[in-house]
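Fold and contact review
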Amino acid sequence: MHIEPGIVHGAKLVLAYGTAAASAGVALKLIADEVKGRGLASFAARAVLASAAVLVFFEILPHFPVGISEVHIILGTTLLLLLGTGAAAFGLAAGLLIQGMVFAPTDLPVYFVNATTLLVPLFAIHALARRVLPADRPYVDLGYGDVLKLSMAYQGGVVAWVAFWAFYGQGVSVDTLASVGSFGAAYLCVILLEPLVDLAVLAGAKALKGLNHSGLVTPRLYNAA
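Let us look at the structure shown here. (Residues numbered from 1 in each chain as written. Predicted model: local features only at pLDDT ≥ 70, side-chain atom pairs only at ≥ 80, totals over all residues. Heavy atoms only, no water.)

With respect to the layout of surface pockets
- Here the largest pocket defines a volume of roughly 520 Å³.
- For the largest pocket, the lining is made up of 19 residues, of which His-126, Arg-130, Tyr-139, Thr-218 and Arg-220 are closest to its centre.
- Mapped onto the lining of the largest pocket, the elements with two or more residues apiece are helix 1 (13–38) and helix 5 (111–132).
- Counting residues per element, the lining of the largest pocket draws most heavily on helix 1, which supplies five residues.
- Looking at the lining of the largest pocket residue by residue, the class counts come to eight nonpolar, five polar and six charged.
- When residues of the lining of the second largest pocket are traced back to their parent elements, those giving at least two are helix 1, helix 4 (85–103) and helix 5.
- The dominant element in the lining of the second largest pocket, judged by the number of residues it contributes, is helix 1, at five residues.
- Here the residues of the lining of the second largest pocket are counted per class, giving twelve nonpolar, no polar and no charged. (1 Å grid on protein atoms, 1.4 Å probe; cavity = no way out; pocket = protein on both sides within 12 Å on 5 of 7 lines; lining within 4 Å. Points joined across faces, edges and corners; volume = space filled by probe spheres on them. Helix = DSSP H or I, 4+ residues; strand = E, 2+ residues; numbered from the N terminus. Nonpolar A, V, L, I, M, F, W, Y, C, P; charged D, E, K, R; others polar.)

What follows is the structure in structure tokens.
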């Protein structure tokens, strides 16, 4: 999901600054809601867990270049279901920043491009979850079909944003179309894998019901909406 330096550059980066600023505004609203609901200590703990998980996603889980970008196993749905959208948004933004500062400084010029790519699909599945997931069912009781909807929306959103940045930065050409197409096709494996990971993680959480009152997970994990 990384857009490499040079694909979007110069004056075109102004759009990325705008989309990232809008994303930050949405994230701050969600974070404020979570702090109000469970307290600052709970949010801070979940934000740290999310940031650490994102670093693992970037640096330890398999990733490989395909077409216009790199395929990473970024489990955005998993973070949302376990930790809440605000903590997940903080973790994605912070993990991406730390990864750039420590492991890949050359990515920093396009940080706002890549942050937008990760955050906007997260906000989309936050809204989608409120509409399509049963309100009377805790997340630990979700089925494969439920989490597949979220995974398809999140990973599809990532692919859509990568495609947008590629066409925006390089223009529409046969080469760009081919690169974006191969990248999107490669992400199908992530779409199929993520729901399985989600179900395994949710099953583990269901067996550890003591987490419900720990402040380390979102209240929605064990409770109806």
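Quick notes on the pattern of salt bridges
- Following the criterion strictly, the structure yields four salt bridges and no others.
- In this structure, Lys-29 and Asp-33 form a salt bridge, with 2.8 Å as the shortest nitrogen-oxygen distance. Of this pair, Lys-29 and Asp-33 are both found in helix 1, four residues apart, which corresponds to roughly one turn of the helix.
- Residue Asp-33 is classed as partly exposed on the basis of its relative accessible area, which comes to 38%.
- Of the charged contacts, one joins Asp-141 and Lys-206 as a salt bridge, the two residues approaching to 2.8 Å between their closest N and O atoms. (Salt bridge = Lys/Arg side-chain N within 4 Å of Asp/Glu carboxyl O. Buried < 20%, exposed > 50% of the residue type's maximum accessible area, 1.4 Å probe, protein only.)

Observations regarding the nonpolar core
- Grouped together as the largest cluster of nonpolar side chains are 64 residues, with contacts concentrated most on Leu-92 and Tyr-139.
- Looking at this core, the elements with two or more residues in it are helix 1, helix 2 (40–59), helix 3 (76–83), helix 4, helix 5, helix 6 (144–170), helix 7 (174–186) and helix 8 (188–207). (Core = buried A, V, L, I, M, F, W, Y, C linked by side-chain atoms within 4.5 Å.)

Re empty space enclosed by the protein
- Across all of its chains, the model carries one cavity of 30 Å³ or more by this definition.
- The space that makes up the largest cavity amounts to roughly 50 Å³.
- Around the largest cavity sit His-2, Leu-96, Gln-99, Gly-100, Asp-107, Leu-108, Val-110, Tyr-111 and Asn-114, which together line it.
- Contributions of two or more residues to the lining of the largest cavity are made by helix 4 and helix 5.
- Broken down by element, the residue count for the lining of the largest cavity peaks at three residues, all from helix 4.

Note that every value here comes from positions in space, so none of it alone points to a role or purpose.
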